[in-house]
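# Descriptive analysis of the structure
Here's the letter readout for the chains.
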Amino acid sequence: MVPILGIVVYAALVGAQLLSPLGKAVGYNWGVGVWGYTFLLRLVTIALPDVSAPFQFALRYGRYVTLAALALVWLLRAREERLSCSILTVFVAFFAFTHAFSIQYLVWLLPLAIFCEDYQWLNRYTLAATSYMMLVYSTLILAPHITNLLPWPQADWFIIMPSALPAWLVALGWTIARLRGQHSTPEEALVPGADRI
């Protein structure tokens, strides 16, 4: 109900059509190939230009793969957790399965993991995400020093994008742990009585 209420309030405040925010969210397709499995598919296309079908599939249908994965995670686990842990589980799954990505998303997990007290995975994620952000911000976003090592786009393909792999792999492992119910505070993770639903 909270996301629906948020959309209704947003539409009322800015005079947007009610389904406009939903269309933008479902249609989002920026940053495909810079993170996670779409980066791996993009690497295949770079190395073997004749094998572009998997990456083209991700470009065209990746948003549906992301939405299906999030729905499955919610059905299998998140709906049984208390609100903060449920949101964390869905967001961590988003990081593991998203087709599109932008570096500023990396901070989204921090407050949720703190609220849910999932410190073990938060520590791993913070180390991996901070390393990735430090490299990208200091060598590309703030000033393009990365091209001193390799010309563009090779610097992007072989330095910038691969530096995201540790953070993505942590998100993938974290998702698996959350789906298995392995929380830092398992006694507080589930909604009371959810095991009887």
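Residues numbered from 1 in each chain as written. Predicted model: local features only at pLDDT ≥ 70, side-chain atom pairs only at ≥ 80, totals over all residues. Heavy atoms only, no water.

### Some details on unusual backbone geometry
What counts here: Under the DSSP-based scheme used, a helix requires at least four consecutive residues in state H or I and a strand at least two consecutive residues in state E, with every element numbered from the N terminus.
The amide bond that connects Trp152 to the next residue, Pro153, takes the cis arrangement and shows omega of 15°. Secondary-structure assignment places Pro153 in the loop between helix H7 (119–141) and helix H8 (154–160). In this model, Glu117 sits at a positive phi of 60°, which is unusual for a non-glycine residue. Mapping Glu117 onto the fold places it in the loop between helix H6 (109–116) and H7.

### Regarding the layout of surface pockets
What counts is decided by this rule: Definitions used for this entry: grid spacing 1 Å over protein atoms alone; cavity, a set of points where a 1.4 Å probe fits but cannot get out; pocket, an open set with protein on both sides within 12 Å along at least 5 of 7 lines; lining residue, one with an atom within 4 Å of a point. Grid points are joined across faces, edges and corners, and a volume is the space filled by probe spheres set on the points.
In this structure, the second largest pocket occupies an estimated 230 Å³ of space. Forming the boundary of the second largest pocket are 14 residues, of which Trp30, Val34, Phe101, Ile103 and Tyr132 lie nearest the centre. Mapped onto the lining of the second largest pocket, the elements with two or more residues apiece are H7 and H8. With 4 residues, the single largest contributor to the lining of the second largest pocket is H7.

Note that every value here comes from positions in space, so none of it alone points to a role or purpose.
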